[in-house]
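These are the residues of each chain, in order.
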Number of protein chains: 2
Amino acid sequence: MGEKTPNGKTDQGDSLEPRDRADRHVRADARRNIDALLRAAMAVFATSGVEAPVREIAEKAGVGVGTVYRHFPQRSDLIVAVFRNEVDACADAAPILAGKHEPGEALALWMQRYVDFITAKRGLAAALYSGNPAFDTLPAYFNQRLRPALQTLLEAAAAAGEVRADIEPGDLLGAAASLAMPAHGGGPAQARRMVALLVDGLRYGASTLADTRS
Amino acid sequence: MGEKTPNGKTDQGDSLEPRDRADRHVRADARRNIDALLRAAMAVFATSGVEAPVREIAEKAGVGVGTVYRHFPQRSDLIVAVFRNEVDACADAAPILAGKHEPGEALALWMQRYVDFITAKRGLAAALYSGNPAFDTLPAYFNQRLRPALQTLLEAAAAAGEVRADIEPGDLLGAAASLAMPAHGGGPAQARRMVALLVDGLRYGASTLADTRS
DNA sequence: ATATATCCGGAACAAGGTTCCGTTTGCAAG
DNA sequence: CTTGCAAACGGAACCTTGTTCCGGATATAT
């Protein structure tokens, strides 16, 4: 009659580090299965939502359920791992875009990438609001990974004079997330348009501020 | 592999009317059991959250699970019925308070009543964000019942010169709900304080506007 | 080549939602 | 006051899904 959180030794999900350290030895087959599971879970979550049965994910990954629970002691651990994985991918996209495009363009492209991530995650909001403490650390992780990524892009674009310089990355992430929330109604297309508008607002601000100040 | 919503004849949950019409005959024992179920569900949801087992509710109501499902074909129908029931109670409190107190006082008291309703409903947010279409109609019902109730109070208080007159009831409901959301951290006590502040803001506005205009 | 710690698969268990059906009962007509 | 029966009741049984367990397979160090 209450909470049970023995939580022996969860290797992922507790640390706030971007990725796992190679603790001792991870057998090659284990690593392969973990990757397959993350990939399968990502696909299944995208189509059936995060409440898809564990068996379905296991089957899609070509492993038994026992293997799932060996690496992800709780169903929520798998969900968290997938979310963190996607956040990492989104954050990692920032330097790549920065290397391939003009600063302002890189910023705009990354924001769209971010919107796509949010809209694709049906059930993210539900998980966050579910009250399940397993998801408590997710928001912090989001900020920790995404804010620096966006900040770098913002600073580069501001230095190039392409956007205004007084924007808090955290504010922008929050605003874009609000606009993109699936619960808000309006499909992914609308979300992309609204966020594009937001980014254009940053650009407009640059010229306005330049005019006003000089 | 998809949605199944045959939905034969759900008597509650589809109509937007405050309460059920007496369709044909409702046997006395049935009415009694429905009431007992709503009461039991309200109590159980308050203590164990909305994901409490149906069996537990049935037992607390002193009926078999078959009886639960006879009146509430899906578990979510019971949840929706309880929510609507509490919304009705909250809305009905408005005229009662208005009859017993000064207009400004009635408004303040009702807002507290509303906050208590929001904070008590652990899992309301989760349900709303769950993506389950069964809950889609809830927000509309909330507005339909609560807005007129609050509007009456606001108009009375404004007519008495106790609060400013330019407040949209919908805005106020939304703001108070945001402040009271359990997910916001801070207990019910904080929520009450913050909303009291909000109401005081309305009062301040009354004198300010009076000064400025005359 | 061998030992062994680790990993794998899937049957088995537990819990909760939902269905089914034999029995009981409110109630209105006679 | 009977009687007939549609409606309602209860709870066992069923299905789905999360989680545990353990005998067998296997990667890897020696």
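The structure this text deals with has already been given above.
A few points on the structure. No experiment lies behind these values; they were computed from the predicted model shown.

In terms of helices and strands, chain A carries 9 helices and 0 strands. Expressed as a percentage of its 214 residues, the buried residues of chain A come to 37%. A total accessible area of about 12,300 Å² is found for chain A, and carbon and sulfur atoms account for 52% of it.

Attention now goes to the protein's contact with DNA strand C. Taken together, 24 residues are adjacent to DNA strand C, and A:Arg27, A:Asn33, A:Gly66, A:Thr67 and B:Arg55 come closest. For DNA strand C, the backbone portion of the atoms within 4 Å of the protein, that is sugar and phosphate, comes to 57%. Interatomic distance of 3.2 Å between a side-chain N/O atom of B:Arg27 and a base oxygen of DNA strand C. At the level of elements, helix H1 (28-48) and helix H3 (65-71) of chain A together with helix H1 (28-48) and helix H2 (54-61) of chain B are the ones that each hand at least two residues to the surface near DNA strand C. When residues in the surface near DNA strand C are grouped by element, the largest group, 5 residues, is from H3(A).

Inspection of the entire model under this criterion finds 15 salt bridges over all chains. A:Asp166 is the salt-bridge partner of A:Arg164, the closest N and O atoms lying 2.8 Å from each other. On the basis of relative accessibility, which here comes to 48%, the residue A:Asp166 falls in the partly exposed class. Of the charged contacts in the structure, one is a salt bridge between B:Asp92 and B:Arg145, with a shortest N-O distance of 3.2 Å. A residue pair is termed long-range when its members are at least 10 positions apart, and B:Asp92 in helix H4 (residues 75-100) and B:Arg145 in helix H7 (residues 138-159) qualify at 53 residues. Judged by relative accessible area, B:Arg145 falls into the buried class, the value being 17%.

All right, on to the interface of chain B and chain A then. Taken residue by residue, the interface counts 5 residues in chain B and 5 residues in chain A. In this assembly, chain B packs against chain A so that about 460 Å² is buried in total across both faces, 77% of it on carbon and sulfur atoms. In this structure, the connection of chain B to chain A is made through 0 salt bridges. At the junction of chain B with chain A, the criterion picks out 0 residue pairs in polar contact (both at pLDDT 80 or more).

With that settled, the discussion passes to the packing of H1(A) against helix H4 (residues 75-100) of chain A. Residue and element names in this part refer to chain A. One can describe the packing of H1 onto H4 by two numbers: an axis separation of 10 Å at closest approach and a directional angle of 90°. Taken together, the axes of H1 and H4 are roughly perpendicular relative to one another. Side by side, H1 and H4 meet where Leu-38, Ala-41, Met-42 and Phe-45 of the first sit next to Leu-78, Ile-79, Ala-81, Val-82, Asn-85 and Glu-86 of the second. Each residue belonging to the contact of H1 with H4 can be placed in one class, and the counts come to 8 nonpolar, 1 polar and 1 charged.

Right, let's talk about the protein's contact with DNA strand D for a bit. Lining the immediate environment of DNA strand D, one finds 24 residues, of which A:Arg55, B:Arg27, B:Asn33, B:Gly66 and B:Thr67 sit closest. The contact atoms of DNA strand D, taken as those within 4 Å of the protein, divide so that sugar and phosphate hold 58%. Interatomic distance of 2.7 Å between a side-chain N/O atom of B:Arg27 and a base nitrogen of DNA strand D. Backbone polar atom of B:Gly66 to a base nitrogen of DNA strand D: 3.2 Å apart, as the coordinates give it. A per-class count over the surface near DNA strand D returns 8 nonpolar, 8 polar and 8 charged.

On to the side chain of B:Gln112. Residue placement: B:Gln112 occurs in helix H5 (residues 103-120). In this structure, B:Gln112 is in contact with B:Arg192, B:Val195 and B:Ala196, ignoring residues within four places of it in sequence.

Take H1(A) next. All names here are of chain A. For H1, which comprises 21 residues, the first-to-last C-alpha distance of 30 Å matches the rise-based estimate of 30 Å (1.5 Å per residue) to within 8%. Inspection of H1 places Ala-30, Ile-34, Leu-37, Leu-38, Ala-40, Ala-41, Val-44 and Phe-45 among the buried residues, and these make up the whole buried set. Considering only its buried residues, H1 is in contact with helix H2 (54-61), H3 and H4. Following H1 by one or two positions, Gly-49 has its phi on the positive side, about 85°.

A separate point is the relation of the copies chain B and chain A. Of the two same-sequence chains, chain B is brought onto chain A (RMSD 0.1 Å, axial shift 0.0 Å) by a rotation of 178°. Both copies of the chain, as the preceding transformation shows, are related through a two-fold rotation axis. Considering only C-alpha atoms, the part of chain B nearest the rotation axis is B:Ala126, at 2.9 Å. A shared binding surface is used by both copies, with 100% of the interface residues of chain B retained as interface residues in chain A.

Quick look at the packing of H4(B) against H5(B) now. The description of two packed helices rests on the angle between their axes and on the distance between the axes. Residues and elements named next belong to chain B. At their nearest, the axes of H4 and H5 sit 9 Å apart, and the two run at 165° to each other. Here H4 is positioned roughly antiparallel relative to H5, judged by the angle of their axes. The two elements H4 and H5 meet at a crossing, and its hand is right-handed. Facing Glu-86, Val-87, Ala-89, Cys-90, Ala-93, Ala-94, Leu-97 and Ala-98 of H4, the residues of H5 in contact are Ala-106, Leu-109, Trp-110, Arg-113, Tyr-114 and Phe-117. Of the residues that constitute the contact of H4 with H5, the class distribution is 12 nonpolar, no polar and 2 charged.

What counts as what
- Residues numbered from 1 in each chain as written.
- Chains lettered and ligands numbered in written order.
- Predicted model: local features only at pLDDT ≥ 70, side-chain atom pairs only at ≥ 80, totals over all residues.
- Heavy atoms only, no water.
- Helix = DSSP H or I, 4+ residues; strand = E, 2+ residues; numbered from the N terminus.
- Buried < 20%, exposed > 50% of the residue type's maximum accessible area, 1.4 Å probe, protein only.
- Areas by Shrake-Rupley, 256 points an atom, 1.4 Å probe, with all protein chains shown as cover.
- Near = heavy atom within 4 Å.
- Polar contact = N/O pair within 3.5 Å; in protein donor to acceptor, adjacent residues only side chain to side chain.
- Salt bridge = Lys/Arg side-chain N within 4 Å of Asp/Glu carboxyl O.
- Contact = heavy atoms within 4.5 Å.
- Buried area = accessible area lost by both parts, 1.4 Å probe.
- Axes fitted to C-alpha atoms, helices over the stretch in contact; angles between N-to-C directions.
- Parallel < 35°, antiparallel > 145°, perpendicular 65-115°, else oblique.
- Nonpolar A, V, L, I, M, F, W, Y, C, P; charged D, E, K, R; others polar.
- Expected span 1.5 Å × (residues − 1).
- Least-squares fit on C-alpha atoms with pLDDT ≥ 70 in both.
- Left-handed = near helix turned anticlockwise from the far one by under 90°.

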